[in-house]
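Examination of the molecular architecture
Listed below, chain by chain, are the residues.
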Amino acid sequence: MSYLLSVAKFGGSSLATSEIVSKVRNIITDDNRRKIAVVSAPGRKNKSDKKVTDMLIELAGNKDSKLINEILGRYEDIYPGQDIDEIRNILLERVKKDLPFPAYLDSLKAFGEEAQARLLARIMDAVYIDPSEILVVTNDFGNAVILEDSKRKIKDRISLDRLVVIPGFYGYSANGELVTFSRGGSDLTGAYVASCFDNVIYENFTDTNGVFAADPKLVDNPAKIDEITYEELRDLAYSGFTVFHAEAMKPVKNAKIPVHIRNTFTYPSEGTYVVNDREADKPIVGIAYKNGFCSFNVEMTGLNDSKGILNRITSFFSSRNKSIEHIITGIDDVTVVAMRDEFSDAEIDEVKTDLYGLGENATVVCKDNVGCLVVAGKGLRGHIGISGEIQRSLAFNGVNIEFITQGSLERCIIYGIEHRDNMKAVNAVYNRFFKG
Ligand code: ASP
C-alpha cells in the first residue's frame, strides 16, 4: 500500500510497561513516514491490573492522595529515570480545581493521555502537541464531538518536519473547557488527525493481531482477516467486533484513508487493512454474534391491509425513546427487535398493552434471550444460493432460526436465534465457509 505519511495510534496496552514503550519507540523510528503518534493512557499490564483512565475516574470521586501516588507511580515505572515533576504538578492542579462535576471528571480522565504524550515526546525528542492547540470539540462531557474548525488548526500546527506526539481522547470546547470523547476515544483523535492529510495511512497499534473472521471467544483460533472494507467492518462491529471505536470510522471512511489494525507486540507482522474497497474472493468476510435482544411479535388477522399500522407500532417505541434494532414483517404479523436492557419490566408490559390495543384479535408474544448472528461480506451481493448454504449449515447443526433479515444492498444477513445456540451457530457457519 503506498502512502507518504502514517498517523500511528498506540492503545493503552501498547504503552503500559517500559518494555513495550521501548518497542513503540523502535516502531516509530522504524519507518520515517511515521510522523504523528497519538497515544492512549497506560492500559492494563495484566488481567488483574487497572487502566490508568479507570484509576483517574476513581480519583475524581475520592481525591485520595494514595491513589495520586499510585497513578504517578505507573508513569515512573513506564518511563524510568524521567523527572515526573511536570506531570505531578499538572495532576495536583487538576485535583484541586473547583469545577462542576462533569468538567472535573473529564479534566482528570484526560490526564492519563496527556502525561503519556508529554513523557513519550520527551524521550523521543519529539514535539508535544496539546489538544487545546488543535481540537475544538462540543461541550458534551464524556462524549465530545470534534468540530470542523479543528481541521484548519491541525493543518496549521502540524508541519511534518519533526515527529509529533498528541494525547488521544479529548479536545477543548470553544470556551476553553477540556472535554473527553467516549471511552476508547483515542481512536477518534487518531482517525480525525489522519483525515486532515493526504497520502496517509492510519495505523492503529493494539494488542491483537487484527480483526478475526469470528469471535475468538466463540471459535477456536479463527482466521485473521487480511483486508476488510469500512462497511464490512461496520456490519461486524454492530455485533461485537469492537477492535476499533465505531465513531472513529467516520473520518477515515469519508476521506477514504486506509486503516491498518496491527499488533504492537508482534510488529512487524501485518494485521488487518480496513479499506474503501477490495476484491472479494470469498462471499463472507466474517461472522459476528451479539445477544441481549428481545423481540415483540404482534399477529392480527388483516394486519397487512391496515394502513399506517407500521407507523403506529414504531410509535410505541419512539414515544418511549427506545431504539428499534430490526423490524421483520410477515403477512399478518410484525416482529420488532430491540435491546432488552433499554426496557424495564414495566415498560415491556406497557409496550405489550399498546400492541394488544392495535385490534381486538391481536396476539402479542414478547421473547427474551434473543441473539443475532451477523454474516457479513461484500461477496454476498448477487451470490445466488448463499443464504441457502448458510441456512443449511445452521440446520445441520440443529440451530433454529427465529427471524431473518437482509437489506437489499445484501451487505449482511442477520439471523435471530436463541442465545443458547450461539456457539453452535457461529461455528456452523465458520466451519462451512472458512475451514477446509
Ligand atoms: N484511555 C481512554 C479509555 O480507557 C481512551 C483510550 O484509551 O482510547 O477509554
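Residues numbered from 1 in each chain as written. Predicted model: local features only at pLDDT ≥ 70, side-chain atom pairs only at ≥ 80, totals over all residues. Heavy atoms only, no water.

Looking at the overall build of the protein
- Within the protein, the secondary structure is distributed over 15 helices and 16 strands.
- The globule rule puts the C-alpha radius of gyration for 436 residues at 22 Å, and the 24 Å found for the protein is close to it.
- Structurally, the protein occupies a C-alpha span of about 75 × 50 × 40 Å along its principal axes.
- Burial statistics for the protein: of 436 residues in total, 52% are counted as buried.
- Accessible surface computed for the protein: about 19900 Å², of which carbon and sulfur atoms make up 46%.
- One way to put it: in the protein the 53 positive side-chain charges average out to a point 3 Å from where the 62 negative ones average out. (Helix = DSSP H or I, 4+ residues; strand = E, 2+ residues; numbered from the N terminus. Rg over C-alpha atoms; globule rule 2.2 N^0.38 Å. Buried < 20%, exposed > 50% of the residue type's maximum accessible area, 1.4 Å probe, protein only. Areas by Shrake-Rupley, 256 points an atom, 1.4 Å probe, with all protein chains shown as cover. Lys, Arg positive; Asp, Glu negative; His and termini not counted. Charge placed at Lys NZ, Arg CZ, Asp CG, Glu CD.)

Some remarks on the pattern of salt bridges
- Overall, the coordinates contain 35 salt bridges when judged by the stated rule.
- Between aspartate 226 and lysine 224 there is a salt bridge; the shortest N-O distance is 3.0 Å.
- What makes aspartate 226 exposed here is its relative accessible area of 52%.
- Of the charged contacts in the structure, one is a salt bridge between arginine 340 and aspartate 345, with a shortest N-O distance of 2.6 Å. (Salt bridge = Lys/Arg side-chain N within 4 Å of Asp/Glu carboxyl O.)

Some points on the sheet that holds strand 1 (residues 5-10)
- If you walk across this open sheet you meet the 8 strands as 3-4-2-1-7-9-10-8, and the pairing is mixed. Only two strands of the sheet have a single partner each, and these edge strands are strand 3 (127-128) and strand 8 (227-229).
- Against the sheet, helix 6 (residues 111-123) touches strand 2 (34-39), strand 3 and strand 4 (164-167), its axis set at about 170° to strand 4.
- Each of strand 1, strand 2, strand 4 and strand 7 (200-206) is contacted by helix 9 (residues 186-194), which is oriented at about 165° to strand 7, the strand it contacts most. (Pairing = 2+ DSSP bridges. Contact = heavy atoms within 4.5 Å. Axes fitted to C-alpha atoms, helices over the stretch in contact; angles between N-to-C directions.)

A look at the pairing of strand 1
- Strand 1 sits mainly inside the fold: 6 of its 6 residues count as buried.
- Burial of the side chains of strand 1 extends over both faces: Leu5, Val7 and Lys9 are buried on one face and Ser6, Ala8 and Phe10 on the other.
- Following the backbone out of strand 1, through helix 1 (residues 18-30) and into the adjacent parallel strand 2, one traces a crossover that is right-handed. (Right-handed = clockwise from strand over helix to strand, strands pointing away.)

Notes on the sheet that holds strand 15 (residues 401-406)
- In spatial order, the strands read 12-13-11-14-16-15; together these 6 strands make up an open sheet with antiparallel pairing. Two strands lie at the open edges of the sheet, namely strand 12 (326-329) and strand 15, each paired on one side alone. Each neighbouring strand pair of the sheet contributes to a mean axis angle of 30°, computed without reference to strand direction.
- Here 5 bridges tie strand 15 to strand 16 (residues 412-418), and the two strands are oriented antiparallel to one another. Residue phenylalanine 403 lies in a different strand from strand 16, and its bridge partner there is glycine 416.
- Strands strand 14 (363-376), strand 15 and strand 16 of the sheet are contacted by helix 14 (residues 386-396), whose axis makes an angle of about 20° with strand 16.

Describing the packing of helix 3 (residues 65-78) against helix 4 (residues 85-96)
- Packing of helix 3 against helix 4 leaves a shortest axis separation of 11 Å and a crossing angle of 155°. By the angle class used here, helix 3 and helix 4 are roughly antiparallel. In this structure, helix 3 crosses over helix 4, and the sense of that crossing is right-handed. Side by side, helix 3 and helix 4 meet where Ile68, Ile71, Leu72, Tyr75 and Glu76 of the first sit next to Ile87, Arg88, Leu91, Leu92 and Val95 of the second.
- Looking at side-chain class alone, the contact of helix 3 with helix 4 contains 8 nonpolar, no polar and 2 charged residues. (Parallel < 35°, antiparallel > 145°, perpendicular 65-115°, else oblique. Left-handed = near helix turned anticlockwise from the far one by under 90°. Nonpolar A, V, L, I, M, F, W, Y, C, P; charged D, E, K, R; others polar.)

What about the environment of asparagine 209?
- Looking at where asparagine 209 falls in the secondary structure, it is placed in the loop between strand 7 and strand 8.
- Asparagine 209 sits in the partly exposed class, given a relative accessible area of 33%.
- When the C-alpha positions of asparagine 209 and threonine 264 are compared, they lie 8.6 Å apart, and in sequence the two are 55 residues distant.
- Contact partners of asparagine 209, with chain neighbours within four places excluded, come to Lys224, Ile261, Asn263, Thr266, Glu270, Gly271 and Thr272.
- A polar side-chain atom of asparagine 209 sits 2.8 Å from a polar atom in the side chain of asparagine 263. (Polar contact = N/O pair within 3.5 Å; in protein donor to acceptor, adjacent residues only side chain to side chain.)

What to know about the site of the ligand
- The ligand sits among Ser40, Ala41, Thr53, Glu113, Phe169, Arg183, Gly184, Gly185 and Ser186.
- In this structure, threonine 53 approaches the ligand through a side-chain N or O atom, which is 2.7 Å from a nitrogen atom.
- Contact distances for the ligand include 2.7 Å between an oxygen atom and a backbone N or O atom of glycine 184.
- Isolated, the ligand exposes 260 Å² of accessible area, and the fraction of that covered by the protein chains is 91%.
- Along the lines of polarity and charge, the residues of the shell around the ligand split into 2 nonpolar, 5 polar and 2 charged. (Near = heavy atom within 4 Å.)

A few points about the state of the cysteines
- Taken as a whole and assessed by the stated rule, the structure comprises 0 disulfides.
- In this model cysteine 372 remains outside any disulfide bridge; the closest cysteine sulfur is found in cysteine 412, 10 Å from its own.
- Given a relative accessible area of 13%, cysteine 412 falls into the buried group. (Disulfide = S-S within 2.5 Å.)

These figures come from the coordinates and say nothing about function on their own.
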